[in-house]
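What the coordinates show
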Amino acid sequence: MVQQDDVIERTSIVTYALLEELHTVLADSAKPDETSLGVIMGLAMFLDEKIGPMRSQKLMSQAPGIILKTDAHVTDELMQRFAPVLRAFGTHLADFATAAAPARPLTKVV
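Here the residue index of a chain counts from 1 through its sequence in written order. Local features in this predicted model are restricted to residues whose pLDDT is 70 or higher, and side-chain atom pairs enter the listing and the counts only when it is 80 or higher, whereas totals over whole chains, interfaces and linings include all residues. Side-chain metrics rest on all non-hydrogen atoms present in the structure, leaving aside hydrogens and water.

A short note on the confidence of the model for the protein chain
Quick note on the threshold: Confidence scores per residue from the predictor, reported as pLDDT, run from 0 to 100. A helix here means a DSSP run of H or I that spans at least four residues, while a strand means a run of E at least two residues long, and both kinds are numbered starting from the N terminus.
Confidence in the prediction for the protein chain averages 75 pLDDT; 74% of positions are at 70 or higher. Confidence scores differ between elements of the protein chain, with helix 3 (residues 76–98) showing the lowest mean pLDDT of 78 and helix 2 (residues 32–62) the highest of 84.

Below is the structure:
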């Protein structure tokens, strides 16, 4: 069972569950690898912006040694704890993606 002080484990589970929902919304069966590459690229951009390239490199070198205290993978029980909110978010994204809303201008050039 996840405890409140298990920040790495809790964050990992939420991230995994969120990516599951995003993958469902974004997946294109004709181009499945493009969805995976987009996830990798988005994560790289997020990490670069949040922690910078030097710390990213340091953290990624430590990543293989990190073992989740609860399990080495996200169990169904843990997914169910986070699923309702993330599933609602995924549904919202799917609805948003299908709506013909005008594009918002970018606030930041990447």
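A look at the side chain of Glu21
What counts, and what does not: In this description, contact between two residues means that some pair of their heavy atoms is separated by no more than 4.5 Å.
Here Glu21 lies in helix 1 (residues 7–26). Those residues within four positions of Glu21 in sequence are excluded, and the remaining contacts are Leu86, Arg87 and Gly90.

Concerning the packing of helix 1 against helix 2
Rules: Lines fitted to the C-alpha atoms define the axes, with helices restricted to the stretch that makes contact. Angles between their N-to-C directions range from 0 to 180 degrees. Should an angle fall under 35 degrees it is taken as roughly parallel, and over 145 as roughly antiparallel, whereas 65 to 115 is taken as roughly perpendicular and any remaining angle as oblique. Each crossing is labelled by how the near helix is turned from the far one, with a counterclockwise turn of less than a right angle marking it left-handed and a clockwise turn marking it right-handed. Asp, Glu, Lys and Arg are counted as charged, while Ala, Val, Leu, Ile, Met, Phe, Trp, Tyr, Cys and Pro are counted as nonpolar; the rest, among them Gly, fall into the polar class.
The geometry of helix 1 relative to helix 2 is characterised by a closest axis approach of 10 Å and an angle of 135° between their N-to-C directions. The pairing of helix 1 with helix 2 is recorded here as oblique in orientation. Crossing hand, helix 1 versus helix 2: right-handed. Residues Leu19, His23 and Leu26 of helix 1 touch helix 2, and the partners they reach there are Thr35, Ser36, Val39 and Leu43. Per-class residue counts for the contact of helix 1 with helix 2 are 4 nonpolar, 3 polar and no charged.

Notes on helix 1
Keep this limit in mind: Each helix should span, by expectation, one fewer than its residue count multiplied by 1.5 Å. Buried residues are those whose accessible area, probed at 1.4 Å on protein chains only, stays under 20% of the maximum for their type, while exposed residues exceed 50% and partly exposed ones sit between those limits. Of all possible arcs, the one meant is that of the directions from the helix axis to the C-beta atoms.
End to end, helix 1 covers 28 Å across 20 residues, agreeing with the expected 28 Å (1.5 Å per residue, within 8%). The complete set of buried residues in helix 1 reads Glu9, Ile13, Ala17 and Glu21. The arc that holds the buried residues of helix 1, viewed along the axis, is 105°, so those residues lie on one side.

Observations regarding helix 2
The first and last C-alpha atoms of helix 2 sit only 29 Å apart over 31 residues, clearly below the 45 Å expected at 1.5 Å per residue. Listing the buried residues of helix 2 in full gives Thr35, Gly52 and Ser56. On its buried face, helix 2 sits against helix 1.

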